[in-house]
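# Understanding the architecture of this molecule
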Amino acid sequence: MQFLQNPMPYILAGISVGGQYALIAIGYTMVYGILRLINFAHGDVFMVAGVFMVFLSASLPLGLAIPLVLVLTVLLGFVIERVAYKPLRTRNAPRMSIMISAIGVSYLLQNCALYFTGGLAKVYPQLPWLSDTIEIFGAVTKRVTLITPVFTIVLVVALVMFIRHTKIGMAMRAVAKDFETSRLMGIKVNSVISATFIIGSFLAAVGSLLYFTNYASVTPTSGGMPGLKCFVAAVFGGIGSIPGAVIGAFVIGISENIIKGLGWTTFSDAFTFALLIVILLVKPTGLFGEKATDKV
Amino acid sequence: MNAVKGKKRSLYTGCIIAALIVVLVVMELTMKSTSMVFTLLKKGAIYALVAVSMNLLNGFTGLFSLGQAGFMLIGAYTYAILTMPVSIKLSDSVYKYYDCAIGFELGVIPAMIVAGLLAAIFAALIGLPVLRLKSDYLAIATLGFAEILRAIFQWDAMGPITNGANVMRQYQDLTDIKVPFTDIPFPPVLFCFLVSGLCIGVIVLLINSSYGRAFKAIRDDEIAAEAMGINLFKHKEMSFVISSFFAGISGALLAMFQYTVQAAQFKTAMTYEILLIVVIGGIGSISGSCISSFLFIACNEWLLRFLDESSNNILGLTILRSGFRKVVFSIIIMVIVLFFPKGIMGDRELSLDRLKRPFAKKEKGVDAHG
């Protein structure tokens, strides 16, 4: 019941985690919006970004390592789409097989991480300035806690502007609306999908920088649970909607930490899924989702 | 198919089953019980059962459910709690921090049945809301329920029943089974095979019944199936409950096989592994699931072991070390998923006709079903 005596640290941690979840949730919501695919591998891409950082920062200065991590993660997202999803899509495979392929990729990434890390929790490098501890409203925390929400909002606003006002953004909206028609209109659907994966992986890499600075260690399975939670956040906000995903992520991040503060740590993960089930039953389209009609 | 042929076939099947039992008994009497082969056979049989139960849902009813690990968890825990002798429950050796609330014990077979039933009851409750969802939402919701179940089993307040997050042990495991009315130990591998074979047999009968045809109709086209008068929800719920019942029994078998059970083991990764077994075997093929679960276990535990040993390195490279096996293994799985989406068997079944076909002259249009 520490939460009732001193709620500040929990709420701060919640906002911070929420911001990190938001960056991952955007990747889910954009991919689902376009491909109708739950990209199960996205959480593992996020984890692999953490592993990249651990290994690169060991031999390179941080100023070089961080951009390299971003580039490598983006490359990974791009390659996954091209190798594991595109062949199935062009073959017109059922949606279920693409999802199974995503699960296979997730399994592969986890096992690769297991191999390269030797199964041990790797210590995440301390980022100067971000990892410094500060005191706010009587709560001691790392500076990254405060930076994350601000940073997230800036990135999200930039992304929304990008989708509203650029040509590729317009193409993304068109493909999300109607796959076939946009192809007929001369949109290069494959490059739009690649762009989606690139943006999603980039945000996941940024999210992983912020997340692991807070948690200080990376294990091969540390991507799974945040990944699923971020998917729930995307569903909560209405899948396909970016502001929805961000709001959903903050709601999940904050309530999860409040539950931890109330002393029910075992249920902090379960809560997310309970929320998912309630949302799916009460309002399956989420907060901002568009109602889809099935044609017979 | 005419009656004579059918009779002949069931005779053949009976002979094969009898031969298999004899081989297993002879093996267990002659070989060392610690042999790797036995571990493979036991684990393979257990995974075959859970893979077939998942196939009933994913392959035959078209419900993409990812909750299998959760139902196995219920089965494993129910079994462990019910068969633990009362004297151990009262002592501190297992329930160290809690006082056990269950004051009785059951035999192996009743406990397994209760394990299955409890999993089925939970499935019925979970199914009420969840089965109204479609494809990927259903997948995520069932995955979520499995996670919630895991959290509940690890919860402190459940401690008097589930021992919290601590290990359950000292219940009746595979070595404790006796031949009825005697003190002779029952061969453990044979036990696994008998139980899972029996359960798989029941599933096969179900699939070949009118209910099974309704399941397949739902899988192929929900709207058409509904138009033909199939009660969608009733059949989905039925498939879900039956599948969970058998997942519960396989959970109980797994508990017997492992000697210890802990809730932390039943993660989503476990469901993913079972799903991959089903995919490798072929979605919608019972025999495929059985073959691929033995293959999966054999590769995972045994055949690819050499990849993990750093002493086998060639040219002084240090590629081979612990964990490399899993990398190779998952690449193989990805290749199967991408290039052989039908898996080993597709949606066909292994039968004597199929086995004979390469030798006999091929008749066009003769299907292996039957």
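As a starting point, this report considers the structure included with it. (Residues numbered from 1 in each chain as written. Chains lettered and ligands numbered in written order. Predicted model: local features only at pLDDT ≥ 70, side-chain atom pairs only at ≥ 80, totals over all residues. Heavy atoms only, no water.)

## What to know about the overall build of chain A
In terms of regular secondary structure, chain A is built from 12 helices and 4 strands. For 296 residues, the compact-globule estimate of 2.2 N^0.38 gives 19 Å, and chain A sits close to it at 19 Å. Taking the principal axes of the C-alpha coordinates as reference, chain A spans close to 60 × 45 × 35 Å. A burial count over chain A gives 56% of its 296 residues as buried. Put simply, 74% of the contacts in chain A that link residues at least 6 apart link residues at least 24 apart. Accessible area for chain A stands at about 12600 Å²; split by element, carbon and sulfur atoms hold 69% of it. (Helix = DSSP H or I, 4+ residues; strand = E, 2+ residues; numbered from the N terminus. Rg over C-alpha atoms; globule rule 2.2 N^0.38 Å. Buried < 20%, exposed > 50% of the residue type's maximum accessible area, 1.4 Å probe, protein only. Contact = heavy atoms within 4.5 Å. Areas by Shrake-Rupley, 256 points an atom, 1.4 Å probe, with all protein chains shown as cover.)

## Observations regarding the nonpolar core
One recurring pattern in soluble globular proteins: nonpolar side chains tend to sit buried together. With 213 residues, the main nonpolar core has F40 of chain A together with L66, Y79, M112 and F191 of chain B as its most contacted residues. Sort the elements by how many residues they give to this core and helix α2 (residues 36-60) of chain B lands first, with 15 residues. Residue contacts for F191 of chain B: discarding those within four places in its chain leaves V108, I109, M112, L174, I177, F186, L253 and M256 of chain B. Core analysis: the second largest hydrophobic core is formed by 5 residues, A214, A225, I230 and L232 of chain B among them. (Core = buried A, V, L, I, M, F, W, Y, C linked by side-chain atoms within 4.5 Å.)

## Some details on the side chain of S182 of chain A
Residues and elements named next belong to chain A. Residue placement: S182 occurs in helix α8 (residues 179-184). Given the relative accessible area of 3%, S182 is considered buried. When neighbours within four sequence positions are excluded, S182 is seen to be in contact with A174, V175 and I187.

## Some remarks on the interface of chain B and chain A
The interface is formed by 46 residues belonging to chain B together with 39 residues belonging to chain A. Considering only the surface of chain B that becomes buried against chain A, Y137, I140 and L338 of chain B emerge as the three largest contributors, covering 17% of it. Here chain B is connected to chain A by 0 salt bridges. Where chain B packs against chain A, one counts 4 residue pairs in polar contact (both at pLDDT 80 or more). Listing elements by their share of the side of chain B that touches chain A, those giving two or more residues are α6 (135-153), α12 (268-281) and α14 (324-339) of chain B. (Buried area = accessible area lost by both parts, 1.4 Å probe. Salt bridge = Lys/Arg side-chain N within 4 Å of Asp/Glu carboxyl O. Polar contact = N/O pair within 3.5 Å; in protein donor to acceptor, adjacent residues only side chain to side chain.)

## A short note on the packing of aromatic side chains
All told, the structure shown has 17 aromatic pairs over all chains when counted by the stated rule. Between F71 of chain B and F240 of chain B the ring centres are 5.7 Å apart and the planes differ by 85 degrees, which places this aromatic pair in the edge-to-face class. With a gap of 169 residues between them, F71 of chain B in helix α3 (residues 68-83) and F240 of chain B in helix α11 (residues 232-258) connect regions that are remote in the sequence. Taking the relative accessible area as the measure of exposure, F71 of chain B reaches 4% and is therefore buried. The structure contains a cluster of three or more aromatic residues connected by ring pairs, namely F46, Y124, Y211 and F212 of chain A. Over the face of the ring belonging to F104 of chain B we find K89 of chain B, whose NZ or CZ atom lies 6.0 Å from the ring centre. (Phe/Tyr/Trp six-rings, centres within 6.5 Å; stacked < 30°, edge-to-face > 60°. Lys NZ or Arg CZ within 6 Å of the ring centre and 35° of its normal.)

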